[in-house]
Amino acid sequence: MGILKTFALGGVHPEENKLSANAAIETLPPPKQAIVPLGQNLGAPSKPLVKKGDKVKVGQLIAEAGGFISTNIHSPVSGTVLKIDNVIDGTGFKRPGVVINVEGDEWDEGIDRSDEIVSDISLNPQEIVDRIKQAGLVGMGGATFPTYVKLMPPPGKTAEYLIINGVECEPYLTSDHRLMLEKSQEVIIGTRLLMKALKVEKAIIGIENNKQDAINHLSQLTKSIDGITVMALKVKYPQGGEKQLIKAAVNREVPSGKLPIEVGCVVQNVGTAFSVYEAVQKNKPLFERVVSVTGKDIKKPSNFMARVGTPIQQLLDAAEGVPENTGKIIGGGPMMGKAITSPEVPVVKGTSGILLMKKEESSRKTTGPCIRCSRCSTVCPMGLEPYLLTKASKLGKYDIAEKEMIMDCIECGSCQFTCPASIPLLDFLRLGKGKVGHIMRNRNKK
Amino acid sequence: MTMFTVSGSPHVHGNESTGKIMYGVVFAMVPAALVSVYYFGLDSIRVMLLSIVACMFFEWLIQKYLIKGPITLNDGSALVTGILLAFNVPTNLPGWIIIIGALVAIGMAKMSFGGLGKNIFNPALVARVFLLISFPVQMTSWPKPVPITEGFADVITGPTPLAIVKEGLDAGKSMSELQADLPAYTDYLIGQMGGSLGEVSAIALILGGLFMVWKKIITWEIPTSILVTVFVFSGILWLIDPAYNPDPFFHLITGGMMLGAIFMATDMVSSPMTRGGQLVYGFGIGLLTMLIRVWGAYPEGVSFAILLMNAATPLLNMGFKPRRFGAKPGIELNK
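Residues numbered from 1 in each chain as written. Chains lettered and ligands numbered in written order. Predicted model: local features only at pLDDT ≥ 70, side-chain atom pairs only at ≥ 80, totals over all residues.

1. A few points about the overall build of chain A
In terms of regular secondary structure, chain A is built from 14 helices and 17 strands. At 21 Å, chain A has a C-alpha radius of gyration in line with the 22 Å of a compact globule built from 446 residues. Principal axes of the C-alpha set define a box for chain A whose edges measure 65 × 55 × 50 Å. In chain A, which comprises 446 residues, the proportion classed as buried is 58%. Within chain A, counting contacts between residues at least 6 apart in sequence, those at least 24 apart form 73% of the total. (Helix = DSSP H or I, 4+ residues; strand = E, 2+ residues; numbered from the N terminus. Rg over C-alpha atoms; globule rule 2.2 N^0.38 Å. Buried ≥ 20, exposed ≤ 12 C-beta atoms within 10 Å, placed from the backbone. Contact = placed C-beta atoms within 7 Å.)

Below, the structure is given as structure tokens:
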């Protein structure tokens, strides 16, 4: 093996802390009460199809897509709909959700619950896409972009590569790692399904070199499959970013403001590939997922197969409780995850992990003046100047922020991670992005 | 009910701090400081201590009574300015002049702009140039280096190699006639020559520079582009007329060249942020230094050159942007 590939610009190397890497996936029982938020994808929230008092089964459609960039939602449990009301979700805001009182565990008859692996692909590309759309699949890496949208390239554009994202560059998280080890057959069949749906001949499974076992295992299994390559990548954050992964794997740069299809690539997460398998081959919609529960003080770092709607508290209990010294609960990893306000928040389709931070790690350091060291710029994987964009946002100079390409920021947090003055750069970048995005939309309307 | 902290991502920090960077610079200056104690004796310690104490005192005074803000002495930046100021003056400089220098560095060049990170010019250099213009006699009487092992001799002053060459050439002498008055090249490298406290030993300064590049405190671009420019410029003059131009190595290792290129020009606050900007900045410093050294009134021009290019830094930051991801024209696809 030669020099490992990676992306060119910037990047940082936070402590990996993959504490749950050796914990096999455990299936959690359904919760007593499931809270299913209606906004679980990037884009429009879903529209509920059930009402108070309705009986539902596991896998039954309870909300339909509320637009083009939206998804179906299926009941993760069986029981009675208690109410459709505002519930606190992972963002900390109250948003509409369906609350279901769980009774038994009765699954929809159409779902194939056997352990048998179905490897023959009988459907045609359009049928595969339809199944994926019907099953409510979203990107499982955390961005939750509806999967089927990515499988329908706009007219005139065709995909050349499917890139399966097994990078898992976020520290602590191991859900993708475990899937690649334990559900490898399913992930590979899911990859083949996606290749067929996209009509591509070549797929690359990109995995960072800190998951040697997964690299070896998948390389072994894909040896005899034409078109699928497993690519070991040098460990560098944020390699799991779509644009960074494409650059690392096929050395192409997605132009500013454009989608990966522009350079002939479609990126899907390993978790998504697994869900594609389940949706297409087993007729099982997306209502459960692997969630890493981890943290330095946690007694039993784990990976759980949990139903959507399960309160996080139940996962924490299964990992032997919340340590005394917990100061922060994060949904996702430490670099891009969101701090959660309460352990009553439910698991959603995009929950890749629950991370508990110790009290002493939870607060930010005191901010000092910028010493113009340009480290933020050096580590920015998009080649931006976070110090300048921060200043523009602070001063409300959104025209400058736009000109300096603030909308290219992928919010990876490398700048803030590396800033010696501990300036909350990403806070200001998000603020600026919000404002500039708003200004641009208004301008386009005119 | 337990309350949890909620804040935006990222939730981890890479443990870099302003203090770590500043103390890294201090550590990198240790070899040069030791050499100066060796050649200039206890006077060197006197100047350094006085300069450090005065700089930190003025910073404290201004933060406490003028700005009435937080006291940030422990970020190490006043300490660095103090040492750099000491490095830039002769060891026999009277104490009261050093104190004036410290006031100019901290009060005028740093705090009046708003403190750390806001200053346009390198504070220690502003002070050096201020002192050079205000006290030309004291600032250009250089003690001769006497190794500390040879005891405490009476301090004898003498000109720096650059001054010898400048005056000699202006008087119509050729380089070969001047050679007898100049130290040997090995002396230049280890620092046995007249000059400011911290500038004499090229080897000690390069050691510090390598440490800082390794620790990513400075980039290689600025020192390299300065030194290459000086080497090429002086090399051309020397090739044209070796009799009346010192060779390029002479220019690299005499005067404040190494100190300026490694410690003064690389100051994060007052130097450009991007590689392109840094290369142009270094080129400008090298060019201006040589113009002053060869055709200017002063034998040494590094300080002026750096200050002039400090002024160009905001422009360079505007003109040279990092390579943006995805800004290159797209590759051909969907053929």
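After that view of the structure, there is still more to cover.
2. So, the pairing of strand S2 (residues 33–37) of chain A
Residues and elements named next belong to chain A. Taking burial as the measure, the five residues of S2 include four buried ones, the bulk of the element. Examined bridge by bridge, S2 and strand S8 (residues 94–102) share five bridges and lie antiparallel to one another. Within S8, the residue paired with Pro37 across the bridge is Gly97. (Pairing = 2+ DSSP bridges.)

3. Here we look at the domain arrangement of chain A
Residues and elements named next belong to chain A. With domains assigned, chain A is organised as domain 1 (1–27 + 107–363) and domain 2 (375–445). Counting from both sides, the interface comprises 14 residues of domain 1 and, opposite them, 15 residues of domain 2. Counted by class, the side of domain 1 that touches domain 2 contains eight nonpolar, six polar and no charged residues. (Domains from an automatic or database assignment. Nonpolar A, V, L, I, M, F, W, Y, C, P; charged D, E, K, R; others polar.)

4. Let's talk about the sheet that holds strand S9 (residues 161–166) of chain A
Residue and element names in this part refer to chain A. In space, the four strands of this open sheet follow the order S11-S10-S9-S12, with parallel pairing throughout. Two strands in the sheet have a free side with no partner beyond their single neighbour: strand S11 (228–233) and strand S12 (265–269). Averaged over all neighbouring strand pairs, the angle between strand axes comes to 25 degrees, with direction disregarded. Here S9 runs beside strand S10 (residues 202–208); their pairing, made up of six bridges, is parallel. (Axes fitted to C-alpha atoms, helices over the stretch in contact; angles between N-to-C directions.)

5. Structural notes on helix H2 (residues 42–67) of chain B
Residues and elements named next belong to chain B. With 26 residues, H2 should reach 38 Å at 1.5 Å per residue; the first-to-last C-alpha distance of 36 Å fits that figure. Buried residues belonging to H2 abut helix H1 (18–40), helix H3 (77–87) and helix H4 (95–110). Following H2 by one or two positions, Lys68 adopts a phi angle in the positive range, close to 55 degrees. (Expected span 1.5 Å × (residues − 1).)

6. Section: the domain arrangement of chain B
All names here are of chain B. Along its sequence, chain B is organised into domain 1 (18–139) and domain 2 (161–319). Each of domain 1 and domain 2 has a C-alpha centre, and the two are 21 Å apart. With 32 residues of domain 1 in contact, the opposing surface of domain 2 contributes 28 residues. Residue assignment for the side of domain 1 that touches domain 2 shows that the elements contributing at least two residues are H1, H2, H3 and helix H5 (123–134). No other element matches H1, which puts 13 residues into the side of domain 1 that touches domain 2.

7. A look at the interface of chain A and chain B
Every contact between the two is made by 56 residues of chain A and, on the other side, 35 residues of chain B. Contributions of two or more residues to the side of chain A that touches chain B are made by strand S15 (326–331), strand S16 (338–340), helix H10 (375–379), helix H13 (414–418) and helix H14 (425–445) of chain A. Here the side of chain A that touches chain B takes four residues from S15(A), the largest share from any one element. Across the side of chain A that touches chain B, the residue classes break down as 24 nonpolar, 17 polar and 15 charged.

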